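Residue-level structure breakdown
The primary structure of each chain is shown beneath.
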Amino acid sequence: MSQKNKEPIISIRSLRHSYLEGETMKEVLHSVDLDFYEGEIVIIMGPSGSGKSTLLKIIGAQLTLQEGDVRIGDCNLSGATQKDLMKIRRRLGFIFQSHHLLDSISVLQNVQLPLAFDETITSAISKERALNALAMVGIDSQAYKKPSKLSGGQRQRVAIARALIRKPAIVLADEPTASLDEKSGREVVEIIRKMAKDMGVTVVLVTHDNRILDIADRIVSLVDGKIRD
Ligand code: ADP
Ligand code: MG
C-alpha cells in the first residue's frame, strides 16, 4: 500500500524533549522526525528507557511540547490553546499497559466514561454504544460485572472498548500487552488490529514485546531517543 502521495495524519519534525534531573536537563528525545498515515498500524519498538512513552504522551497532548513541530490532523501542538488541545484529545483513544479501570463501577460504566461529559449523547445512546463496543471486543456478556471479576486479558479488552467509544481517528497504545501472558497478549493485539482495519483507525503502538510485531504495517525503532531505520 503506497502512502507516499497522501498527507500524514500525524507529522513530527525535529522533536526534542528533556526532563529535569536534579539541576540539569536531560534530553531523552533527540530530534525525532516521524510521519503516520491514516489507517496504518505502526509499532514503535525500543528498549526500556528509550523514550517511547514520552513520545506517545507528546503525541497525545498529555505532555507539553518543548521543541519541534507536532501536527495532529489540522492542529499544531506548538502554540495550541487549551481549547485546541481538548479538541485534539477528543480525536484520540488511549490504551495503557495498566488499564486504569475503576472498580467501583461496572465494566459497562467504565466504557461509558468518555461519553459522560458529552451532553449531546443521551444515557440510552451511551449505553447502546458501550454495549456495541464491548461486543466488538467479544466481552459484552461481562458488561454488568466489576472489572476485578475479569481476567487481565478481558480487562485490557474493556480498555480497548473504552478507547473506541468516541470513534477516535487515532489510537495510542503504550505497551498494551506488557502485563499479559502470551495468549492473552496475542488476543488483545489481534483485536486492536481488527478494529483498526474495520474502523480505519490509525494505531501507534509502543512496545518492547517482539512477539507482536507481525500485526504492524510498519515498524519503527527508537533507540536512546533517536529513530533508527
Ligand atoms: P520508555 O517508555 O521507552 O521506557 P520513557 O519515555 O518512559 O521511556 O523514558 C525515557 C527516559 O526519560 C528514561 O531515562 C526515564 O527515566 C526518563 N523519564 C521519563 N519520565 C520522566 C520524568 N517524569 N522525569 C524525569 N525523567 C523521566
Ligand atoms: Mg514506557
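Values in this document were obtained by computation on a predicted structure and should not be read as measured data.

**Quick word on the environment of Arg-91**
If you trace the backbone, Arg-91 turns up in the loop between helix H2 (82-90) and strand S6 (92-95). The class of Arg-91 is partly exposed, set by a relative accessible area of 31%. For the pair formed by Arg-91 and Ile-72, sequence separation is 19 residues and the distance between their alpha carbons is 9.3 Å.

**Considering the site of ligand 1**
In the vicinity of ligand 1, the residues found are Tyr-19, Lys-26, Val-28, Pro-47, Ser-48, Gly-49, Ser-50, Gly-51, Lys-52, Ser-53 and Thr-54. Gly-51 is positioned with one of its backbone polar atoms (N or O) 3.1 Å from an oxygen atom of ligand 1. Burial of ligand 1 by the protein chains amounts to 62% of its free accessible area of 570 Å². Secondary structure elements with two or more residues in the shell around ligand 1: strand S2 (24-36) and helix H1 (52-59). If one sorts the elements of the shell around ligand 1 by residue count, H1 sits on top with 3 residues. Residue composition of the shell around ligand 1, by class: 3 nonpolar, 6 polar and 2 charged.

**Re the packing of helix H5 (residues 152-164) against helix H6 (residues 182-199)**
The contact between H5 and H6 brings their axes to 9 Å, and the two run at 20 degrees. One element, H5, and the other, H6, form an angle in the roughly parallel class. Pair H5 / H6 crosses with right-handed handedness. Every residue of H6 that contacts H5 at Gly-153, Gln-156, Arg-157, Ile-160 and Leu-164 is listed here: Ser-184, Glu-187, Val-188, Ile-191, Ile-192, Met-195 and Met-199. Of the residues belonging to the contact of H5 with H6, the class tally is 7 nonpolar, 3 polar and 2 charged.

**Notes on the sheet that holds strand S4 (residues 67-72)**
A sheet is described by the order of its strands in space; here 4 strands give the open sequence S2-S1-S4-S5, paired in antiparallel fashion. The sheet is open, and its two borders are formed by S2 and strand S5 (75-76), each paired with just one other strand. The pairing of strand S1 (residues 10-21) with S2 spans 9 bridges and is antiparallel. Along S2, the bridge assignment pairs Ile-10 with Phe-36. Across the face of the sheet, H1 comes into contact with S1, S2 and S4 while running at roughly 120 degrees to S1.

Quick notes on the rules
- Residues numbered from 1 in each chain as written.
- Chains lettered and ligands numbered in written order.
- Predicted model: local features only at pLDDT ≥ 70, side-chain atom pairs only at ≥ 80, totals over all residues.
- Heavy atoms only, no water.
- Helix = DSSP H or I, 4+ residues; strand = E, 2+ residues; numbered from the N terminus.
- Buried < 20%, exposed > 50% of the residue type's maximum accessible area, 1.4 Å probe, protein only.
- Near = heavy atom within 4 Å.
- Polar contact = N/O pair within 3.5 Å; in protein donor to acceptor, adjacent residues only side chain to side chain.
- Areas by Shrake-Rupley, 256 points an atom, 1.4 Å probe, with all protein chains shown as cover.
- Nonpolar A, V, L, I, M, F, W, Y, C, P; charged D, E, K, R; others polar.
- Axes fitted to C-alpha atoms, helices over the stretch in contact; angles between N-to-C directions.
- Parallel < 35°, antiparallel > 145°, perpendicular 65-115°, else oblique.
- Left-handed = near helix turned anticlockwise from the far one by under 90°.
- Contact = heavy atoms within 4.5 Å.
- Pairing = 2+ DSSP bridges.

These values are about where atoms sit, not about what they do.
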